[in-house]
Amino acid sequence: MSPRRRRHALPLAQLVEQATCVAEQVRAELHSVHADPDERWHVRLHHDADVDVWLISWTEEQGTQLHGHGGSSGAFTIVAGELDELVWDPGTRDLEESTRTRGDVVAFGPGYVHDVRNTREATAVSVHVYSPPLERMDFFDVERGSDGADRLVRLAHVWSDDPEIAAPESVRGPAAGRVAS
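Residues numbered from 1 in each chain as written. Predicted model: local features only at pLDDT ≥ 70, side-chain atom pairs only at ≥ 80, totals over all residues. Heavy atoms only, no water.

## So, the overall build of the protein
Thought 1: Per the secondary structure count, the protein includes 1 helix and 11 strands.
Thought 2: Along the protein, helices (α) and strands (β) appear in the sequence α-β-β-β-β-β-β-β-β-β-β-β when read from the amino end.
Thought 3: Looking at the 181 residues of the protein, the share that counts as buried comes to 45%.
Thought 4: Entry remark: accessible area of the protein is about 8,800 Å², with carbon and sulfur atoms responsible for 47%. (Helix = DSSP H or I, 4+ residues; strand = E, 2+ residues; numbered from the N terminus. Buried < 20%, exposed > 50% of the residue type's maximum accessible area, 1.4 Å probe, protein only. Areas by Shrake-Rupley, 256 points an atom, 1.4 Å probe, with all protein chains shown as cover.)

This is how it looks when you write it as structure tokens:
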């Protein structure tokens, strides 16, 4: 995929509203959800010049690599189940863990770096909204510097409009399994 001309992100409140509205549609069974034990199932529900909307299911032990969204802002909400999220905090230079449960909504700006994982038996389902639409995924790890402080290190970036693209084989590893169960 080649880079597109950058557009401005929609306000976070609008992304939250859209994620919440689509989550209600999913709960009302207006969108089909599938679960694949071999890889995260996902489908794009909407795409236009300003926003992408994705529906994703996560079976046990499925997760992402520590990643960013290539400059896009976003919001995601949990439709069913629970997901563990590790978020890089540039202020504390640490990864902070949270459990996201049904109805939780997370909104984020363009610098957000996180790892999301389902560590439970029950399938989790989430809705993700990105603005401007995704063009690139960035993959990271956390390394300890010579000064003893942790720092975020970008390992790779991949031009893609797919939030479920796998990290290049050469960068998979330590960051992919950071969320504790």
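Once you've had a look at it, read on.
## Details of the pairing of strand β11 (residues 150-159)
Thought 1: Relative to β11, strand β10 (residues 136-144) runs antiparallel, the two sharing 9 bridges. Looking at the pairing, E143 lines up with R151 of β11. (Pairing = 2+ DSSP bridges.)

## Regarding the sheet that holds strand β8 (residues 113-117)
Each strand in a sheet pairs with another by means of backbone hydrogen bonds, the pair being arranged parallel or else antiparallel.
Thought 1: On the basis of which strands lie adjacent, the open sheet formed by 6 strands has the order β6-β5-β8-β3-β10-β11 and antiparallel pairing. What marks the edges here is a single partner per strand, and that holds for β6 (94-101) and β11.
Thought 2: Sheet topology places strand β3 (residues 67-68) next to β8; 2 bridges connect them, and they run antiparallel. Bridge pairing links G68 to V113 in β8.

## What about the nonpolar core?
Thought 1: W58, L83 and F108 are the most contacted members of the largest nonpolar core, which has 18 residues in total.
Thought 2: At the level of secondary structure, the elements contributing two or more residues to this core comprise β2 (52-58), β4 (73-80), β5 (82-89), β7 (105-108), β9 (124-131) and β10.
Thought 3: No other element matches β2, which puts 3 residues into this core.
Thought 4: Not counting residues up to four positions away in its chain, the partners in contact with L83 are W58, I78, S98, T99, R100, V116, R117, N118, A124 and S126.
Thought 5: In terms of nonpolar packing, the next biggest core, distinct from the first, is built from 15 residues, L10, W41, A75 and V127 among them. (Core = buried A, V, L, I, M, F, W, Y, C linked by side-chain atoms within 4.5 Å. Contact = heavy atoms within 4.5 Å.)

## Topic: the packing of aromatic side chains
Thought 1: In total, this model carries 1 aromatic pair according to the counting rule given.
Thought 2: With a centroid separation of 4.6 Å and 10 degrees between ring planes, the pair formed by F108 and Y112 is classed as stacked. The exposure classification of F108 matches that of Y112, with both residues buried.
Thought 3: For R136, the ring lying beneath its charged end belongs to W159, and the centroid distance is 5.7 Å. (Phe/Tyr/Trp six-rings, centres within 6.5 Å; stacked < 30°, edge-to-face > 60°. Lys NZ or Arg CZ within 6 Å of the ring centre and 35° of its normal.)

## Some remarks on the confidence of the model for the protein
Thought 1: Considering every residue of the protein, the mean pLDDT works out to 89; 90% of them sit at 70 or more.
Thought 2: Below pLDDT 50 for its whole length, residues 174-181 participates in 25 contacts with residues either more than four positions away or in separate chains. (pLDDT = per-residue confidence, 0-100.)

## Considerations on helix α1 (residues 12-27)
Thought 1: The first and last C-alpha atoms of α1 sit 22 Å apart over 16 residues, in line with the 22 Å expected at 1.5 Å per residue.
Thought 2: Looking one or two places after α1, you find E29, whose phi comes out positive at around 65 degrees. (Expected span 1.5 Å × (residues − 1).)

## Examining the pattern of salt bridges
Thought 1: Tallying each qualifying case throughout the model produces 9 salt bridges.
Thought 2: Where R120 meets E82, a salt bridge forms, and the shortest distance between an N and an O atom there is 2.6 Å. Placement of the pair is R120 in the loop between β8 and β9 and E82 in strand β5, with a sequence separation of 38 residues.
Thought 3: On the accessibility criterion, E82 (29% relative accessible area) is partly exposed.
Thought 4: Here E143 and R151 are joined by a salt bridge, their closest N and O atoms 3.6 Å apart.
Thought 5: Under the relative-accessibility criterion, R151 is labelled partly exposed at 38%.
Thought 6: Each of the salt bridges in this network shares a partner with another, and the network as a whole consists of E82, D84 and R120. (Salt bridge = Lys/Arg side-chain N within 4 Å of Asp/Glu carboxyl O.)

## Digging into the sheet that holds β4
Thought 1: Spatially, β1-β2-β9-β4-β7 is the arrangement adopted by the 5 strands of the open sheet, whose pairing is antiparallel. Only two strands of the sheet have a single neighbouring strand rather than two, namely β1 (41-47) and β7. Going across the sheet, the axis of each strand differs from the next one's by a mean of 15 degrees, ignoring polarity.
Thought 2: Its contacts with the sheet put α1 on β1, β2, β4, β7 and β9, and the angle it makes with β4 is roughly 25 degrees. (Axes fitted to C-alpha atoms, helices over the stretch in contact; angles between N-to-C directions.)

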